[in-house]
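If you want the building blocks of each chain, they are given just below.
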Number of protein chains: 2
Amino acid sequence: MEMAKEPRAEVTRRAIINSAATSFIHDGYSSASLNEMCARAGVTKGAMYFHFSTKEDLARALVAVYSDKILSTLGAMPEQSGLGIESLIDWTFAASKVIATDTRAKAGARMMQEIGRRNGVSDSFMADIAKHVETHLDQAVASGDVQSEISMDLVAQNLVMQLRGLQEEAAGDAQAFKGFVQALNVWWQLALAALVPVSRRSYFYEFLRRRTDRAQAEFAG
Amino acid sequence: MEMAKEPRAEVTRRAIINSAATSFIHDGYSSASLNEMCARAGVTKGAMYFHFSTKEDLARALVAVYSDKILSTLGAMPEQSGLGIESLIDWTFAASKVIATDTRAKAGARMMQEIGRRNGVSDSFMADIAKHVETHLDQAVASGDVQSEISMDLVAQNLVMQLRGLQEEAAGDAQAFKGFVQALNVWWQLALAALVPVSRRSYFYEFLRRRTDRAQAEFAG
C-alpha cells in the first residue's frame, strides 16, 4: 500500500509554518526574522512570499491553528452527556495539553496575545469559548451538580479570564509553564468549593485530583 | 507663591511619553508610528531621539510607569493592619482603577504583554505581586479569616494569574474593559466561598459588594 503523497506546495507551506512557530516563540512577533525562518525551513524568500505575503500573515496562520485546535478540543466534549463539570475539567486540561505539547499551537497562543487583538480575533475567540463553557455549566445546574447564587455566565467569563492568564503564561518558556497545571487545579478547587453542593463535593475533588495527577505526569514526561 | 517650573527637557519627555501611550493603545507595538508620536507631541524626531533611542525604549518606559504604579498601589496597602483579605480586595480594585483611568499605565499594561516578556520583566513583575499577595494571605490565615486546605501560595499564584488575564483584557479597548470589575467580583466570590469560614462569610460578601458597587460607579463616571 502506498501513502498518499502530500503535494509539494503543502510540504513547503508546512515547513514555513513550523519554522515561523519556532521563531515567534523564541523572539516574539516584532523581533522574529523572516530570513531566519526561510533558512531554517530550507526555502527561498520567493517561496515564502508565494504562501505568505507578510509577517502578519504568518502570525495569523498560527493564530488560526491555535484557535482551531482549542475550539475542536472543546467541541469534542459531549454537551449532551450530563457530565457538565467533569467535561469542563477535562476540557481545561486538554486545552492546556495542546498548548504545552504543540509548537504551532503554542506559537499561535503567543501571537493571539501580540497580534490577535487587531480585528477582534482574540475577543471573538474568547467569546466562542465562553459560550461553550456556559452550555456545560447550564447542564451542570440541570443535573444538580452546581448550586450557587453566582450566575453561570459570570462564572463562565471568569474561567475564560483565567484561561486568558494561563494562555499568556503558557505562551512563555517552559519554566513559566510549570505552574500552569497547578494554577488550573487551584481555580477548580475554588470553583468547586463555591459552586458544588457539599454532598457531591468529595467526588469532584477526587475527580480533579486524578485529572491533575495525570496532566502533571504527562507534562513531566 | 510661585510654582516650581518643570525643566524644559522634562516637559518634552512627558509629551513624548503621553503621545506614545496613545499610539501604542491604538495601534499596538509593531504598528505604532514614531512619526505620528512626534507629530502629536509637537516635537521633532531629533528631540525624540534625544530622549529615546528606539521604539522599544519608549515601550519599556511605559512598562516601567505601569509596573511602578501597580506596585506602589500594592505597597500602600498596610501589611501590618490585620486586614489581609480586605486589603487584598481593596488592592485588586485599586489596581484595576489605575489601568482603567491612567492612559500611560494602560499603555504600559499592553506593552507588558507585547514586549515585557523579553528579559523577564513581565515574569519578575508577576513574581513581585505574588510575594505581596502571599504576605496578605498569610495575615488573613493568622487572623482566622481564612481556613482552607489549599496552600496560600497557590491561591496567591491563582489570583496573579487572574490579574494577568484582567491585565490582558484591560489593555484592550473600553468595550473589553467593561467586564473587568465583574470578573474580579466573581473571582472573589469563588475565593471567599472556598477560603473563608462560614461564620465570617456574610461580612466579606457585603464588603465585596460595597467595593464592587463603588468601582462600577467610578468606571461608569
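Note that residues are indexed from 1 along each chain, following the sequence as it is written. Written order decides the labels, with chains lettered from A and ligands numbered from 1. Owing to the predicted nature of the model, reporting of local features is limited to residues with pLDDT of at least 70; listing and counting of side-chain atom pairs is limited to 80 or more, with chain, interface and lining totals taken over all residues. Only heavy atoms go into the side-chain values, all of them from the structure, while hydrogens and water stay out.

## Things to note about the pattern of salt bridges
Next, step 1: For this document, the term salt bridge refers to a Lys or Arg side-chain nitrogen within 4 Å of an Asp or Glu carboxyl oxygen. Taken as a whole and judged by the stated rule, the model has 14 salt bridges over all chains.
Next, step 2: In this structure, Arg60(B) and Glu56(B) form a salt bridge, with 2.9 Å as the shortest nitrogen-oxygen distance. Within this pair, Arg60(B) and its partner Glu56(B) are both found in helix H4 (residues 55–75), separated by four residues, close to a single helical turn.
Next, step 3: The classification of residues rests on relative accessible area computed with a 1.4 Å probe and restricted to protein chains. Under 20% of the type maximum is buried, over 50% is exposed, and intermediate values are partly exposed. For Arg60(B), a relative accessible area of 25% gives the class partly exposed.
Next, step 4: One salt bridge connects Lys69(B) with Asp102(B), and the closest N-O pair in it is separated by 3.0 Å. Placement of the pair is Lys69(B) in helix H4 and Asp102(B) in the loop between helix H5 (84–101) and helix H6 (103–114), with a sequence separation of 33 residues.
Next, step 5: Several salt bridges share partner residues, and in doing so they unite Glu206(A), Arg209(A), Arg210(A) and Asp213(A) into one network. Elements are defined by DSSP. Helices are runs of H or I of four residues or more, strands are runs of E of two residues or more, and each kind is numbered from the N terminus.

## Notes on the packing of aromatic side chains
Next, step 1: For Phe, Tyr and Trp, where Trp contributes only its six-membered ring, two rings pair if their centres lie within 6.5 Å, and the inter-plane angle classes them as stacked under 30 degrees, edge-to-face over 60, or tilted in between. Taken as a whole, this structure holds 10 aromatic pairs over all chains when the rule is applied.
Next, step 2: Centroid distance Tyr203(A) to Phe207(A): 6.3 Å. Interplanar angle 40 degrees. Geometry classified as tilted. Residue Tyr203(A) and its partner Phe207(A) are located together in helix H11 (residues 198–220), separated by four residues, close to a single helical turn.
Next, step 3: According to the relative accessible area criterion, Phe207(A) is buried, its value standing at 6%.
Next, step 4: Geometrically, the ring pair formed by Tyr66(B) and Phe125(B) is tilted, given 5.4 Å between the ring centres and 55 degrees between the ring planes. Residue Tyr66(B) is found in helix H4, and its partner Phe125(B) is found in helix H7 (residues 121–142); the two are separated by 59 residues along the sequence.
Next, step 5: Across the ring face of Phe207(B), the terminal group of Arg211(B) is positioned such that the distance to the ring centre comes to 3.9 Å. Two limits define a charge over a ring: the Lys NZ or Arg CZ must be within 6 Å of the ring centre, and within 35 degrees of the ring normal.

## Here we look at the nonpolar core
Next, step 1: Counting residues in hydrophobic clusters, the biggest one holds 146 residues, and the most contacted among them are Phe24(A), Trp188(A), Phe24(B) and Trp188(B).
Next, step 2: Working rule for contacts: check all heavy atoms of both residues, and any pair within 4.5 Å makes them a contact. Not counting residues within four places of it along the chain, the set of residues in contact with Phe24(A) comprises Tyr29(A), Ala32(A), Met37(A), Lys55(A), Leu58(A), Ala59(A), Leu62(A), Arg110(A) and Met111(A). In this description, a nonpolar core means a group of buried Ala, Val, Leu, Ile, Met, Phe, Trp, Tyr and Cys residues linked to one another through side-chain atoms lying within 4.5 Å.

## What to know about the UniProt feature "DNA-binding region" (unreviewed entry) in chain A
Next, step 1: UniProt positions are given in the numbering used here, feature names are shortened, and annotations may be inferred rather than shown by experiment. UniProt tags residues 33–52 of chain A as "DNA-binding region" (unreviewed entry).
Next, step 2: Helix makes up 75% of residues 33–52 of chain A and strand 0%. Its end C-alpha atoms lie 14 Å apart.

## Notes on the relation of the copies chain A and chain B
Next, step 1: When chain A is fitted onto chain B, the two copies agree to an RMSD of 0.0 Å after a turn of 180 degrees and an axial shift of 0.0 Å. On this basis, the relationship between the two copies can be described by a two-fold rotation axis. Taking C-alpha positions as reference, the residue of chain A nearest the rotation axis is Gly165(A), located at 2.0 Å.
Next, step 2: Interface residue correspondence from chain A to chain B reaches 100%, placing this contact among same-surface, isologous pairings. When the copies are overlaid, the least-squares fit takes in C-alpha atoms only where the residue has pLDDT of at least 70 in both copies.

## Describing the environment of Gln167(B)
All names here are of chain B.
Next, step 1: Structurally, Gln167 can be placed in helix H8 (residues 152–170).
Next, step 2: The exposure class assigned to Gln167 is buried, which follows from its relative accessible area of 2%.
Next, step 3: Counting along the chain gives 58 residues from Gln167 to Ala109, while the straight-line C-alpha distance between them is 6.3 Å.
Next, step 4: Those residues within four positions of Gln167 in sequence are excluded, and the remaining contacts are Tyr66, Ala109, Met112, Gln113, Phe125 and Met126.

## Focus on the interface of chain A and chain B
Next, step 1: Counting residues at the interface gives 35 residues for chain A, matched by 35 residues for chain B.
Next, step 2: When two components associate, each loses some accessible surface as probed by a 1.4 Å sphere; the sum of these losses over both components is called the buried area. Summed over both partners, the interface of chain A with chain B buries about 3,300 Å², with 54% contributed by carbon and sulfur atoms.
Next, step 3: When residues of chain A are sorted by the area they lose upon contact with chain B, Arg117(A), Met161(A) and Leu190(A) head the list and together hold 21% of the total.
Next, step 4: Our enumeration of links across chain A and chain B arrives at zero salt bridges.
Next, step 5: Two N or O atoms count as a polar contact when they lie within 3.5 Å, although within protein this holds only if one can serve as hydrogen donor and the other as acceptor, and sequence-adjacent residues are included solely when both atoms are side-chain atoms. Remark: the boundary between chain A and chain B carries two residue pairs in polar contact (both at pLDDT 80 or more).
Next, step 6: Element by element, the count of residues in the side of chain A that touches chain B is highest for helix H8 (residues 152–170) of chain A, at 11 residues.
Next, step 7: Three categories are distinguished: nonpolar for Ala, Val, Leu, Ile, Met, Phe, Trp, Tyr, Cys and Pro, charged for Asp, Glu, Lys and Arg, and polar for the others, with Gly belonging to the last. Grouping the amino acids of the side of chain A that touches chain B by side-chain chemistry returns 16 nonpolar, 10 polar and nine charged.

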